[in-house]
Amino acid sequence: MASFTLPTINDNADGGWGPSSSNLPPNFKFKEIPYAPYSKSDKLGRFADWNDISGDNRQMTFGPASSQGPQRGGMSGRGRRDGQPAFGSGTASAFAYFHAEDESSFSLVDTKTAATRRGGPLGRGRGGGRGGAGYAARGGAQRGGRGGFYGGRGGGQRGGRRGWRDWEKNNRLRLEVDEPEDLGTYGRLFPYDKSYDRVTTRSEKPLQLVDRIKYNTTTSDDPVIHELAAKETATVYTTDVILAGLMCATRSVNPWDIVIVREGNKLFFDKRDGGPFDTVTVNENASDPPQDPATVNPNNPNEKIAVPEAPTINSATSLSLEATYINQNFGFQSVIETPPPPAVELEKPNPFYGPDETEPLASCGYRYRVFDLGITEDEDIKLCVRTEVDAYSAGQGNPRQGQGLVTIRALNEFDPRAPGAGGALDWRTKLDSQRGAVVATEMKNNSCKLAKWTVQSVLAGADTMKIGYISRVNPRDNTRHVILSTQSVRPTDFANQLNVSLANGWGIVRTVTDLCMKQPEGKYVLVKDPNKPVIRLYAVPMNAFTGEDDDDDVPFDGEDTELAA
């Protein structure tokens, strides 16, 4: 028969529960483990519950606390049904495991949740699951939580294209740039007609068709930039239209693209002829922007449109062409071509106007300026940009020295009751009495367009930007327009009203420049995604976008890189 020996019992000399710290048995292996107190009234529901640290053995219901007492099925303020706190509750943290390296390396950056955007392409495709799922890369799955695509800790991409960034990160980029250096001025400027500042809705002026020539040449076709590049003047060469579009990338909704050519240590930012930089958008940032009729997808030949829609004068494309026509003619009309005051000839004549041209040249002055994008004194990264001004203001200094320069732009009203109007007010009844409300609506619906105009004016060093308010004579006729009013703003002050950060724009430009300089020599295209707030960098053949690629049937297996926008 097996014998049974009672173990040695060590009484607690202090009279409490559990072993006494002053009377421990020899070789006691649990000596350094803290003792968790308990109470006789504790209910032993389960042996171990590693997910419950409330000391109540009941699941917690997360939600707003009620001031009327505990809710049924939820967690009350005191944690127990009978209202008595557990004797040993809250002490489970004594046994919790903390990794010193993980906790010391983690720093909380932002606890702010992203605002839900209702409607519009920017809100399309956002996932709402746990962990802040965001935009997935092409052909890959998206991951949430820590290290997720959008809103997660780290905010990077795993397993997808390298170099991808989200829009919120681009909003945090900053680069302070000093005043630029002027390299030369070209062209001829007419004085601005100040009578347009006195136009009201009661004394409206018709918009006239003025036949003038104004060039919008891309960077690679500019002979002056070719001369400056041969002298190693800068690292990056571009125009103000392209540069402003890139600096305001976080506001853009419509797709656009920039052709980038790297030759040695130089970068050339170009636009395509007839591309998005040659036209003006209308209500791009409205919650319900103008739409084009549905068309058949060329990549899906089996797709058919049930009822083809006829193009209307209020479609996105029609409004864009109308706005471009209005901007050009308002700029031509609002200057004085016959002295006095006389026209001002800048240092050199217009570089694009050849001897064979017979049509009159529009008022336009080109200023070639160099901005230093270097972060340290040892860095030599400069950007050469061709900027444009439309006129000069008489009596405000010498335009040849950059004084009194004016840029002229125009906002257009098509039909406040049409789809895509963005809740715009009737200008004829509200423009004189409620100018602030009209301007606020335009700043909301055309945030990107106004920001680009303002950045172009700041880059050119203009003292004043004239904004005309032009409406249709009849909402159903897009060929006849009238000028209702003209507003004068200082570009720097207007940038503050629009919340445009030039430092953020320069940070975006520097980021794109650094990424392109890491690529081998060749041609690339920077594309804004039409459905997502992402821009991508693709490698393309050198004959792309030149008309020579149509004869090449061999597909190019190009590399693409997603980056911040």
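Described below are features of the structure shown in this document. Here the structure is a predicted model, which is why all the values come from computation and not from measurement.

1. Thoughts on the overall build of the protein
- Looking only at helices and strands, the protein has 10 helices and 15 strands in total.
- Long-range contacts, defined as pairs at least 24 residues apart, comprise 68% of the intrachain contacts of the protein with a sequence gap of at least 6.
- About 32500 Å² of surface is accessible on the protein, with carbon and sulfur atoms providing 50% of the total.

2. Digging into empty space enclosed by the protein
- Applying the stated criterion to the full structure yields 4 cavities of 30 Å³ or more.
- Of the pockets and cavities examined, the largest cavity occupies roughly 70 Å³.
- Surrounding the largest cavity, Asn283, Asn412, Glu413, Phe414, Asp415, Pro416, Ala421, Ala424, Trp427 and Glu442 form its lining.
- Its residues placed into classes, the lining of the largest cavity shows 5 nonpolar, 2 polar and 3 charged.

3. Structural notes on the pairing of strand β10 (residues 405-413)
- Of all 9 residues in β10, 9 are buried; the element is thus mostly enclosed.
- In the sheet, β10 pairs with strand β11 (residues 464-474) via 8 bridges, with the strands oriented parallel. Bridging across to β11, threonine 407 finds its partner in methionine 465.

4. Considering the packing of helix α4 (residues 240-247) against helix α8 (residues 447-460)
- Put simply, α4 and α8 touch, their axes get as near as 9 Å, and they point 125 degrees apart. By the angle between their directions, the pair α4 and α8 is classed as oblique. The handedness of the crossing between α4 and α8 is right-handed. For the pair α4 and α8, contact is made by Asp240, Val241, Leu243, Ala244, Gly245 and Met247 and by Lys452, Val455, Gln456 and Leu459, respectively.
- In terms of residue class, the contact of α4 with α8 is built from 6 nonpolar, 2 polar and 2 charged.

5. Describing the pairing of strand β5 (residues 266-270)
- Of all the 5 residues making up β5, 5 are buried; the element is thus mostly covered by neighbouring parts of the structure.
- The side-chain alternation of β5 yields two buried faces, one formed by Lys266, Phe268 and Asp270 and the other by Leu267 and Phe269.
- Inspection of the sheet shows strand β3 (residues 236-239) paired to β5 by 2 bridges, in the parallel sense. Residue tyrosine 237 lies in a different strand from β5, and its bridge partner there is phenylalanine 268.

6. What to know about helix α10 (residues 502-517)
- Here α10 spans 22 Å end to end across 16 residues, near enough to the 22 Å set by a 1.5 Å rise per residue.
- In terms of burial, α10 is a largely internal element, 12 of the 16 residues being buried.
- Taken together, the buried positions of α10 are Ala503, Asn504, Gly505, Trp506, Gly507, Ile508, Val509, Arg510, Val512, Thr513, Leu515 and Cys516.

7. A few points about the sheet that holds strand β12 (residues 477-489)
- In spatial order, the strands read β2-β12-β11-β10-β9; together these 5 strands make up an open sheet with mixed pairing. This sheet does not close on itself; its edge strands, each paired only once, are β2 (205-206) and β9 (391-392).
- Examined bridge by bridge, β11 and β12 share 9 bridges and lie antiparallel to one another. For lysine 466, the partnering residue across the bridge sits in β12 and is serine 488.
- On the sheet, helix α5 (residues 316-333) packs against β2, β10, β11 and β12 and is oriented at approximately 140 degrees with respect to β10.
- In the packing of α8 onto the sheet, the strands contacted are β10 and β11, and the crossing angle to β10 comes to about 170 degrees.

8. With respect to the side chain of asparagine 446
- Within the element layout of this structure, asparagine 446 appears in the loop between α7 (435-445) and α8.
- Looking at asparagine 446, the relative accessible area reads 2%, which means it is buried.
- One polar contact links the side chain of asparagine 446 to the main-chain amide nitrogen of asparagine 283, over a distance of 2.7 Å.
- Not counting residues up to four positions away in its chain, the partners in contact with asparagine 446 are Thr281, Val282, Asn283, Glu284 and Asn285.

Criteria and cut-off values
Residues numbered from 1 in each chain as written. Predicted model: local features only at pLDDT ≥ 70, side-chain atom pairs only at ≥ 80, totals over all residues. Heavy atoms only, no water. Helix = DSSP H or I, 4+ residues; strand = E, 2+ residues; numbered from the N terminus. Contact = heavy atoms within 4.5 Å. Areas by Shrake-Rupley, 256 points an atom, 1.4 Å probe, with all protein chains shown as cover. 1 Å grid on protein atoms, 1.4 Å probe; cavity = no way out; pocket = protein on both sides within 12 Å on 5 of 7 lines; lining within 4 Å. Points joined across faces, edges and corners; volume = space filled by probe spheres on them. Nonpolar A, V, L, I, M, F, W, Y, C, P; charged D, E, K, R; others polar. Buried < 20%, exposed > 50% of the residue type's maximum accessible area, 1.4 Å probe, protein only. Pairing = 2+ DSSP bridges. Axes fitted to C-alpha atoms, helices over the stretch in contact; angles between N-to-C directions. Parallel < 35°, antiparallel > 145°, perpendicular 65-115°, else oblique. Left-handed = near helix turned anticlockwise from the far one by under 90°. Expected span 1.5 Å × (residues − 1). Polar contact = N/O pair within 3.5 Å; in protein donor to acceptor, adjacent residues only side chain to side chain.

None of the figures reported here should be taken as evidence of function without further support.
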